[in-house]
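Understanding the architecture of this molecule
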Amino acid sequence: GPKVLQIPSHQIIDMGQMVTLNCDPVSNHLYFYWYKQILGQQMEFLVNFYNGKVMEKSKLFKDQFSVERPDGSYFTLKIQPTALEDSAVYFCASSFRQYEQYFGPGTRLTVL
Amino acid sequence: QQQVRQSPQSLTVWEGETAILNCSYEDSTFNYFPWYQQFPGEGPALLISIRSVSDKKEDGRFTIFFNKREKKLSLHITDSQPGDSATYFCAASDAGTQVVGQLTFGRGTRLQVYA
């Protein structure tokens, strides 16, 4: 099926630093999403993005989080500053319509 | 309160048997239910999905049975193969409204198929 790529696969940073997670969505997809999965728990929705704008965000999407997709390049999730509770696997997804979201392999973020 | 619940947490079957994975949900506005298959170290892969207007969806060895009245659905994997060993996630969405396809996931069922 369609492939979503995520870079890096693993990121380790010190608390308080900034981190940017990168997602390369499927080329003709229009909707983009970030989900967060803490070890042993279910995946939880963070934010979705369409036509250059955030459409909806959950309460997990703190003020320290931001997303963008400048000029059709990577869809990014930036966390500034990071906190210990941000340690998780972050999954990017994209879809052509509102259905059929395709997920990347995830970025494991470890905040020390 | 969990919006989407899955059972069992783990399931073991022998090759050739039918594995049955269960899912239930709370929100009656949910109208789209995808199942995802995830192997260790990989992202979830869309396996099969159903919309609430249907009560059954079949794709090869994978079938979703959907009961809207009871807010329950199940994924049946017939002729299970060792390669089916993975974690299966049930998800739900009220896609088609103002919400742009936000998925609510269950905690997953870990399936092990022995040869």
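Before reading on, note that the structure itself is shown above.
1. Observations concerning the environment of B:Lys56
Residue and element names in this part refer to chain B. Relative to the helices and strands, Lys 56 resides in strand 6 (residues 56–59). A relative accessible area of 44% places Lys 56 in the partly exposed class. When the C-alpha positions of Lys 56 and Ser 74 are compared, they lie 9.7 Å apart, and in sequence the two are 18 residues distant. Setting aside chain neighbours within four positions, we find Lys 56 in contact with Ile 50, Thr 63, Ile 64 and Phe 65.

2. Observations concerning the sheet that holds strand 3 (residues 19–25) of chain B
All names here are of chain B. Sheet architecture is open: five strands sit in the order 1-3-8-7-6, paired in antiparallel fashion. The two strands at the open ends of the sheet, each matched to only one other strand, are strand 1 (4–7) and strand 6. When the angles between neighbouring strand axes are averaged without regard to direction, this sheet yields 15°.

3. Quick look at the interface of chain A and chain B
In this assembly, 22 residues from chain A lie in contact with 22 residues from chain B. Contact between chain A and chain B buries roughly 1,900 Å² in total, counting both sides, with carbon and sulfur atoms accounting for 56%. Among the residues chain A hides against chain B, the three largest losses belong to A:Gln42, A:Gln98 and A:Tyr99. Together they make up 33% of the total. Applying the counting criterion to the chain A and chain B interface returns zero salt bridges.

4. Re the packing of aromatic side chains
Residues and elements named next belong to chain B. Applying the stated criterion across every chain yields a total of 18 aromatic pairs over all chains. The interplanar angle of 40° and the centroid separation of 5.0 Å between the aromatic rings of Phe 33 and Phe 66 together place this pair among those described as tilted. Of this pair, Phe 33 sits in strand 4 (residues 32–38) while Phe 66 is found in strand 7 (residues 62–67), placing the two residues 33 residues apart along the sequence. There is no split in this pair, since Phe 33 and Phe 66 are both buried. For the ring pair Phe 89 and Phe 105, a centre distance of 6.3 Å and an interplane angle of 85° mean the geometry is edge-to-face. With Phe 89 in strand 9 (residues 86–92) and Phe 105 in strand 10 (residues 104–105), this pair connects stretches of sequence that are 16 residues apart.

5. A word on the environment of A:Thr110
Residue and element names in this part refer to chain A. Within the secondary structure, Thr 110 sits in strand 11 (residues 107–111). When its relative accessible area of 24% is taken as the criterion, Thr 110 is described as partly exposed. Spatially, the C-alpha atom of Thr 110 lies 21 Å from that of Tyr 74, the residues being 36 residues apart in sequence. Beyond its immediate stretch of four places on either side in the chain, Thr 110 contacts His 10, Gln 11, Ile 12, Ile 13 and Ser 87. Here His 10 takes part through its side chain, which lies 3.3 Å from a polar atom of the side chain of Thr 110.

6. Quick look at the pairing of strand 9 of chain B
Residues and elements named next belong to chain B. Across the seven residues that make up strand 9, a large majority, seven, are buried. Residue alternation in strand 9 divides its side chains into two sets, Ala 86, Tyr 88, Cys 90 and Ala 92 and Thr 87, Phe 89 and Ala 91, and both sets are buried. Here strand 4 pairs with strand 9 via four bridges, running antiparallel. From the neighbouring strand, Tyr 36 faces strand 9, where its bridge partner is Phe 89. Bridge analysis of strand 9 against strand 11 (residues 109–114) gives three bridges, and the strand direction is antiparallel. If you follow Ala 86 over to strand 11, its bridge partner there is Leu 111.

7. Section: the state of the cysteines
Scanning all chains against the criterion turns up two disulfides over all chains. The partner cysteine of A:Cys23 in its disulfide is A:Cys92, sulfur to sulfur 1.9 Å. Looking down the S-S bond of the A:Cys23 and A:Cys92 bridge, the torsion is -65°, so its handedness is left-handed. Here A:Cys23, found in strand 3 (residues 19–24), pairs with A:Cys92, found in strand 9 (residues 88–95); they are 69 residues apart in sequence, far enough to count as distant. Exposure class is identical for A:Cys23 and A:Cys92. Each is buried. Covalently, B:Cys23 is tied to B:Cys90 through a disulfide, its sulfur atoms 2.0 Å apart. Across the S-S bond linking B:Cys23 and B:Cys90, the dihedral sits near -70°, which makes this disulfide left-handed. Here B:Cys23 is found in strand 3, whereas its partner B:Cys90 is found in strand 9, with 67 residues between them in sequence. B:Cys90 matches B:Cys23 in its accessibility class, with the two residues each being buried.

Procedures and definitions
- Residues numbered from 1 in each chain as written.
- Chains lettered and ligands numbered in written order.
- Predicted model: local features only at pLDDT ≥ 70, side-chain atom pairs only at ≥ 80, totals over all residues.
- Heavy atoms only, no water.
- Helix = DSSP H or I, 4+ residues; strand = E, 2+ residues; numbered from the N terminus.
- Buried < 20%, exposed > 50% of the residue type's maximum accessible area, 1.4 Å probe, protein only.
- Contact = heavy atoms within 4.5 Å.
- Pairing = 2+ DSSP bridges.
- Axes fitted to C-alpha atoms, helices over the stretch in contact; angles between N-to-C directions.
- Buried area = accessible area lost by both parts, 1.4 Å probe.
- Salt bridge = Lys/Arg side-chain N within 4 Å of Asp/Glu carboxyl O.
- Phe/Tyr/Trp six-rings, centres within 6.5 Å; stacked < 30°, edge-to-face > 60°.
- Polar contact = N/O pair within 3.5 Å; in protein donor to acceptor, adjacent residues only side chain to side chain.
- Disulfide = S-S within 2.5 Å.

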